[in-house]
Amino acid sequence: MESNERIAICYNLLCDVFIEGAYASLQLNNCLNSIKDEKDKAYITNLFYGVIEKSVQFDYIIRSIAGKKPKTSIELLIKMGLYHIRCMSTPAYAAVNEIVKLTKQVGKVGASGFVNAVLRRSEEVELPKDDGGTKYLSVNFSVPLWICDKLVSEYGYEFTKQFLSAQNNKLIHIRNNSRVIDKEEFEKLLGDFRKTQLGYFVEHDKLASLNKSYYTVQSLSSMIAVNCYIQGVGGSPVVLDLCGAPGGKSVYLEELAAGASIYCCDLHPHRVELIKKYVKRMKSDVKVILNDATVIFPEWINKCDIVICDVPCSGLGVYKNKPDVLLNKKPSDIEKLKRLQINILDNAKNYVKVGGLLCYSTCTVLKEENEENIAEFLRDNPQFTLEKIQSDFGDDGMVHLFPQMGEGFDGFFVARMRRKQ
Ligand SMILES: C[S@@+](CC[C@H](N)C(=O)[O-])C[C@H]1O[C@@H](n2cnc3c(N)ncnc32)[C@H](O)[C@@H]1O
């Protein structure tokens, strides 16, 4: 594929995400399906996610030169040029020529002088120095200012800086499917791997050579969460996973708790299909149900030993791997999510048997989505008490994971509550 063809594809993808609000990973995967050459795929993926990741930093550079925000369609062209110049070591003149050509090609002839001028001056712009302020954090780590402000107010400046600067691992975290293959045999097949406390880090290329029913990609944090849900639980529990798609936690739980009857639900039919596909691939017996976790389902009342609410959240804990989770988010989105999380917990409590557990988890570190929800729930529901989780990840009985804790950790939160009466 010619290089102008690749960047044109990337431009269209970025417009879909930034202008039409499409999901980055879905849009990219659909597009990559029709591209044969691996090098083209890698180039498009790198440029597409790179521009998303650096978007906040590039806004700063563009505004420093232009004084105001250009139209998004123009801004994206400039951001693609900036990514070439600053992150792909493309000589500035070559990047400018390529992007100006693309500007004309996509019918923005009138903006080509502006795009040219901003890109040519972009190397003059210096990023803010570390002065202990959130503007530095926001521009340097390319994270919206309001999120940096929030993190600093909750955790302080140094902790936030560590959180934002923790590097994501380029290796993939996988586990063996113990229904199909045991660890020893799996490790022989893997050959080259790095063991973690619950799984393995492998090179992405390794996956192609493995039988798909032998393994699954699952983050270490997600695996830790499942171990927390069932800590100390024996027997044959009835487990209801209310926000379950694509099914990662339910299927892993089934492997840890032989004898459990597990029901994995989701609100969205297309996501329920994902659970079904995953359950089939993993040769699992988890039952799959379409259900809205905020609406009472009378047949389940008082029936479950464990109810899991792995709720929709801001995703701030995994933003390094999914940079689009921060795109177009506003403080009011967090408030909406918080209301949904509380509604789900409030409905889920009805399904827990006396003596059973209500588990809550998120992949965010924002306290209003985590410990504040738990405190509110316990205050309003004295029939539940916090069931402390024994772990190295927090001394309040809840589990708080942060990416700076080590390789493979995401920002994650888990809490459990036991129904006493
Ligand atoms: C964090 S994801 C769950 C990940 C899953 N537990 C796993 O480990 O694979 C949250 C899920 O909640 C679902 N969801 C959102 N609102 C819901 C609702 N009202 N009822 C049930 N599921 C909902 C979303 O579709 C999404 O799949």
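### Section: empty space enclosed by the protein
Then, number 1: Scanning all chains against the criterion turns up one cavity of 30 Å³ or more.
Then, number 2: For the largest cavity, the calculated volume is near 50 Å³.
Then, number 3: Trp 146, Ile 147, Ser 314, Leu 316, Leu 326, Lys 329, Ile 334 and Leu 366 are the residues that line the largest cavity.
Then, number 4: Residue composition of the lining of the largest cavity, grouped by class: six nonpolar, one polar and one charged.

### Considerations on the site of the ligand
Then, number 1: Near the ligand you find 19 residues, and of these Lys 249, Asp 266, Arg 271, Ala 293 and Asp 310 are the closest.
Then, number 2: In the environment of the ligand, an oxygen atom lies 3.2 Å from a nitrogen or oxygen atom belonging to the backbone of Gly 247.
Then, number 3: The separation between a nitrogen atom of the ligand and a polar main-chain atom of Ala 293 is 2.8 Å.
Then, number 4: In isolation the ligand has 600 Å² of accessible area, and contact with the protein removes 87% of it.
Then, number 5: Taken together, the residues of the shell around the ligand break down into eight nonpolar, six polar and five charged.

### So, the nonpolar core
Then, number 1: The biggest cluster of nonpolar side chains holds 44 residues, and the ones touching the most others in it are Leu 14, Leu 47, Phe 48, Ile 52, Ile 78, Met 80 and Leu 119.
Then, number 2: Among the secondary structure elements, those contributing two or more residues to this core are helix H1 (3-18), helix H2 (24-33), helix H3 (38-53), helix H4 (55-66), helix H5 (72-87), helix H6 (92-105) and helix H7 (112-121).
Then, number 3: A per-element tally of this core places H1 first, with nine residues.
Then, number 4: With 32 residues, the next largest nonpolar core counts Ala 225, Cys 228, Tyr 252 and Met 282 among its residues.

Procedures and definitions
- Residues numbered from 1 in each chain as written.
- Predicted model: local features only at pLDDT ≥ 70, side-chain atom pairs only at ≥ 80, totals over all residues.
- Heavy atoms only, no water.
- 1 Å grid on protein atoms, 1.4 Å probe; cavity = no way out; pocket = protein on both sides within 12 Å on 5 of 7 lines; lining within 4 Å.
- Points joined across faces, edges and corners; volume = space filled by probe spheres on them.
- Nonpolar A, V, L, I, M, F, W, Y, C, P; charged D, E, K, R; others polar.
- Near = heavy atom within 4 Å.
- Polar contact = N/O pair within 3.5 Å; in protein donor to acceptor, adjacent residues only side chain to side chain.
- Areas by Shrake-Rupley, 256 points an atom, 1.4 Å probe, with all protein chains shown as cover.
- Core = buried A, V, L, I, M, F, W, Y, C linked by side-chain atoms within 4.5 Å.
- Buried < 20%, exposed > 50% of the residue type's maximum accessible area, 1.4 Å probe, protein only.
- Helix = DSSP H or I, 4+ residues; strand = E, 2+ residues; numbered from the N terminus.

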